[in-house]
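# Geometric and topological summary
The primary structure of each chain is shown beneath.
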Amino acid sequence: MANSFQLRDPAGAKYSIGVLAYITVTYFGGWAAMFANNWIINILGMLACAHGMIIAAYLLHECGHNALFKDNKDNAKLGKVLNWITGSCYGRFEDIRYKHMRHHVDNCDPVVWDYRSFLKRHPVMEKVVKAAEWAYIPAIEIMMHTMLVFAPWAIASKRDQRRRVLTVVLIRGALLLAVLLISVKAFVLYAVAQCVLFTVLRFMDCYQHNYEVIFNLDDPDAVFPHRRDFEYEQANTYSNLLSHRYPWLNMLVLNFCYHNAHHQKPILNWYELPALHKEMGEKVAPQTLTFWEQARSYHKHRVARIYAEEYGDDEVTTSLKEGRAVGVDALSFLTAF
């Protein structure tokens, strides 16, 4: 036990301890505030809970890269806890990690379940989803996370997880039912916090790559034309900083927006990414997006993006400036299929 949870970068202990403390305070403190008898405190609690989950999701991503601790088993242990905090615990941490590593190695976005064909077969559901997305409700992400529950019965490769998923459903379902019985208000606010989480993660994912979406995550014989092609990887990766003028704002997403730097050195800790981004200099400048251009296209194409499977015919920076970049939904690393 003496050697457990040794940090890969001891010099960054203050950052690692700080982010874990932040998640603990915002998530559990946010939950407590959502039960209060004051709407201002309730709203602040919802936002705190949502941001605690956002940071937990990106720290889970760090654990998936084995970036936090020296021992991969310790990264997995923390990753599993964070998976419960984010509410994506119906899928296994190991599957989340596997899917994300495929993204890094194969230079594409491999998935299993094609929600697009599902919607086309269910026109009523399609109309509901389109209406919800128009109203900024992340219906596609809600579908993907709901599918985590049904995956063992719908996806052959997940069948051995049926007992595990049922156990998670019973535990998490009981907890949420208790919240609902104690306070409908707290239950609704938590649902809003989850939607905030989904929206932020989707916004950050939307234009970070110009990769092809391929429905072959479970195919062991699949061939990937850009596998381990580092030049292609960097040319089709984009850094979507929340702010260039005030870099501290990028910590709101745990520096996940320094995405070219992350793909340059995937095992680098989140607090080291800004320095690497700066070091990459002019090399990464053409791949760096502005927040407002991204927000404009995200808003403009929020319904059209439902059926999009690629970003466009040209580079994202040009199409964003012209408002043509549609983006792609349902690429969250939290959905393990």
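The shown structure was predicted, so the numbers you read here are calculated from the model rather than taken from an experiment.

Moving on: the UniProt feature "domain: Fatty acid desaturase" (unreviewed entry) in the protein chain. The UniProt entry lists residues 38-294 under the feature "domain: Fatty acid desaturase" (unreviewed entry), expressed in the numbering used here. Each end of residues 38-294 is marked by a C-alpha atom, and these two atoms are 35 Å apart; helix forms 61% of the span and strand 2%.

A full pass over the atoms with the stated rule returns twelve salt bridges. Between Arg 92 and Asp 95 there is a salt bridge; the shortest N-O distance is 2.9 Å. Looking at Arg 92, the relative accessible area reads 29%, which means it is partly exposed. Judged by relative accessible area, which is 10%, Asp 95 ranks as buried. Across the pair Arg 102 and Asp 106 runs a salt bridge, and its minimum N-O distance is 2.5 Å. With Arg 102 and Asp 106 both in helix H4 (residues 93-106), this residue pair falls four residues apart, about one helical turn.

The residue His 209 is located in the loop between helix H9 (184-206) and strand S2 (213-214) in this model. The exposure class assigned to His 209 is buried, which follows from its relative accessible area of 4%. Here the side chain of His 209 touches Thr 237 through a polar contact of 3.2 Å, side chain to side chain. Engagement of the side chain of His 209 in a polar contact is seen with the side chain of His 263, the distance being 3.1 Å.

The subject of this paragraph is the layout of surface pockets. A volume near 360 Å³ is recorded for the largest pocket. Around the largest pocket, the lining comprises 16 residues; the ones closest to its centre are Ile 142, Thr 146, Arg 172, Gln 194 and Phe 198. Elements that contribute at least two residues to the lining of the largest pocket include exactly helix H7 (139-154), helix H8 (162-182) and H9. For the lining of the largest pocket, the element with the highest residue contribution is H9, accounting for six residues. Empty space within the second largest pocket amounts to approximately 260 Å³. Lining the second largest pocket are Tyr 27, Phe 28, Trp 31, Trp 84, Ile 85, Arg 172, Leu 175, Leu 176, Ala 178, Val 179 and Tyr 190. Breaking the lining of the second largest pocket down by element, the ones donating at least two residues are helix H1 (13-34), helix H3 (72-86) and H8. Among the elements that make up the lining of the second largest pocket, the one with the highest residue count is H8 (five residues).

The rules we used
Residues numbered from 1 in each chain as written. Predicted model: local features only at pLDDT ≥ 70, side-chain atom pairs only at ≥ 80, totals over all residues. Heavy atoms only, no water. UniProt positions renumbered as here; feature names shortened; annotations may be inferred. Helix = DSSP H or I, 4+ residues; strand = E, 2+ residues; numbered from the N terminus. Salt bridge = Lys/Arg side-chain N within 4 Å of Asp/Glu carboxyl O. Buried < 20%, exposed > 50% of the residue type's maximum accessible area, 1.4 Å probe, protein only. Polar contact = N/O pair within 3.5 Å; in protein donor to acceptor, adjacent residues only side chain to side chain. 1 Å grid on protein atoms, 1.4 Å probe; cavity = no way out; pocket = protein on both sides within 12 Å on 5 of 7 lines; lining within 4 Å. Points joined across faces, edges and corners; volume = space filled by probe spheres on them.

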